[in-house]
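Summary of the model geometry
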Amino acid sequence: MKNALVLAAAVVCSSPGLFANTAPERLEESARVLHEIMAAPDKGVPQDLLNKAYCVAIVPSLKKGAFVVGAEYGKGFAICRRGAGMGWGAPAAIIVEGGSFGFQIGGSATDVVMLIMNEHGMHQLDKDKFTLGGDASVAAGPVGRTTTADTDATLNAEILSWSRTKGVFAGISLSGATLRPDRDGNLELYGEKLGSREVLMTRREPPTAARPLIAELDRYSIRKEGGE
């Protein structure tokens, strides 16, 4: 069971993320995943969608069958923009589990990236658990440098998601999976078993380990489109 394969939204199967067992290591992997995806010409998350996103979630190495055969499991982070949409706040450790996406990710180590596109989707992160496709609508995100504002994904979905497996980057539907706080991960970072709300919706100082991830987010989208 423990050598099961990965679940998430954006990198490669041979990734060191397979061995990122601590929260600081997973933060480092998350920063690397985001950098590699956004640096890929014409193959990454569309810049205009990132600029509109309220929050980003990254799960480096989502694992297939980690605890339940046929299900997925992964640990990562959610991070939201600061007030007025300028800069990014402290990351909250999260767990994504459930669903059955093996037919999409082929049982290989997979990194997952999600964009939370509106306030309702953002506030789902406050909960002890919420279901993608149930409590918040989710759709496979488009791939490329830009996208058109009238696509079904951008008009209707509260959360857009992507995966990268063996170097192949694509939109992926995570409908049916659940997302909940990783309180043990937050304990490693903040010294307390915090829920996501206690991290994301406050002015908490980000831990040192989060600096590379925040630097990548600032590099690609320091200011929310339409922010004050």
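Below or above, wherever it landed, is the structure these notes cover. Within every chain, residues take consecutive numbers counted from 1 along the sequence as written. Local features in this predicted model are restricted to residues of pLDDT 70 or higher, and side-chain atom pairs are both shown and tallied only at a pLDDT of 80 or more, whereas totals for entire chains, interfaces and linings draw on every residue. The side-chain figures draw on all heavy atoms in the structure; neither hydrogens nor water molecules are used.

What about the packing of helix α1 (residues 23-39) against helix α6 (residues 183-190)?
Helix axes are fitted to C-alpha atoms over the stretch in contact, other axes to C-alpha atoms as well, and angles between N-to-C directions run from 0 to 180 degrees. The helix count covers DSSP runs of H or I at least four residues long, the strand count covers runs of E at least two residues long, and both are numbered beginning at the N terminus. Where α1 contacts α6, the axes come no closer than 9 Å and their chain directions differ by 95°. Taken together, α1 and α6 sit at an angle that is classed as roughly perpendicular. Across the interface between the two elements, Ala-23, Pro-24, Arg-26 and Leu-27 of α1 pack against Gly-185, Glu-188 and Leu-189 of α6. In terms of residue class, the contact of α1 with α6 is built from four nonpolar, one polar and two charged. We call two directions roughly parallel when the angle between them is under 35 degrees, roughly antiparallel when it is over 145, roughly perpendicular when it lies between 65 and 115, and oblique otherwise. When checking whether two residues touch, look at their non-hydrogen atoms; a contact exists if any pair is within 4.5 Å. Here the term charged refers only to Asp, Glu, Lys and Arg, the term nonpolar to Ala, Val, Leu, Ile, Met, Phe, Trp, Tyr, Cys and Pro, and the term polar to all other amino acids, Gly among them.

Re the state of the cysteines
The disulfide definition used here is simple: a pair of cysteine sulfur atoms within 2.5 Å. Inspection of the entire model under this criterion finds one disulfide. Put simply, Cys-55 and Cys-80 are joined by a disulfide, and their sulfur atoms are 2.1 Å apart. Taking the torsion about the S-S bond as the criterion, the Cys-55 to Cys-80 disulfide, at about 100°, is right-handed. Here Cys-55 is found in strand β3 (residues 55-64), whereas its partner Cys-80 is found in strand β4 (residues 72-80), with 25 residues between them in sequence. For every residue, the accessible area (1.4 Å probe, protein chains only) is compared with the maximum for its type, and the residue is labelled buried under 20%, exposed over 50%, or partly exposed between those bounds. Taking the relative accessible area as the measure of exposure, Cys-55 reaches 0% and is therefore buried. Residue Cys-80 is classed as buried on the basis of its relative accessible area of 3%.

Comments concerning the packing of aromatic side chains
Each Phe, Tyr or Trp ring (for Trp, its six-membered ring) is paired with any other whose centre lies within 6.5 Å, and the angle between the two planes then decides the class: stacked below 30 degrees, edge-to-face above 60, tilted in between. All told, the structure shown has zero aromatic pairs when counted by the stated rule. The ring of Tyr-190 carries the charged tip of Arg-204 above its face, separated from the ring centre by 5.7 Å. For a lysine, the NZ atom is tested; for an arginine, the CZ atom; a charge sits over a ring if that atom is within 6 Å of the ring centre and within 35 degrees of the ring normal.

Topic: helix α8 (residues 211-221)
Within the span of α8, buried status applies to Leu-213, Ile-214, Glu-216, Leu-217, Tyr-220 and Ser-221. Along the axis of α8, the buried residues cluster in a sector spanning 160°; they form a single face. Away from its buried face, by an angle of more than 90 degrees, α8 presents the exposed residues Arg-211 and Arg-219. What the arc measures is the spread of directions leading from the helix axis to the C-beta atoms.

A word on the side chain of Asn-186
By the element assignment, Asn-186 lies in helix α6. Among the polar contacts made by the side chain of Asn-186, one reaches the main-chain carbonyl oxygen of Leu-194 at a distance of 2.9 Å. Once you skip the residues sitting within four places of it in the chain, Asn-186 turns out to touch Pro-91, Ala-92, Ala-93, Gly-191, Glu-192, Leu-194, Gly-195 and Val-199. Polar contacts, as counted here, are pairs of nitrogen or oxygen atoms within 3.5 Å of one another; within protein the pair requires one atom able to donate a hydrogen and one able to accept it, and residues that are adjacent in sequence qualify only if both atoms are side-chain atoms.

Here we look at the pattern of salt bridges
A carboxyl oxygen of Asp or Glu within 4 Å of a side-chain nitrogen of Lys or Arg is what we treat as a salt bridge. Within this structure, the stated rule accounts for twelve salt bridges. With a closest N to O distance of 2.5 Å, Arg-164 and Glu-36 form a salt bridge. One end of the pair, Arg-164, is in strand β9 (residues 159-165); the other, Glu-36, is in helix α1, with 128 residues separating them in the sequence. The buried category is assigned to Arg-164, whose relative accessible area is 8%. A salt bridge links Arg-197 to Asp-126; its shortest N-O distance comes to 2.8 Å. Residue Arg-197 is located in helix α7 (residues 197-200), and its partner Asp-126 is located in the loop between α4 (119-124) and β7 (130-131); the two are separated by 71 residues in the primary sequence. One salt-bridge network, held together by shared partners, links Glu-29, Arg-32, Glu-36 and Arg-164.

Re the environment of Ala-90
On the secondary structure map, Ala-90 appears in the loop between β4 and β5 (92-98). Under the relative-accessibility criterion, Ala-90 is labelled buried at 4%. With residues up to four places along the chain from it excluded, the contact list for Ala-90 reads Ala-78, Ile-79, Tyr-190, Val-199, Leu-200, Arg-204, Glu-205 and Pro-206.

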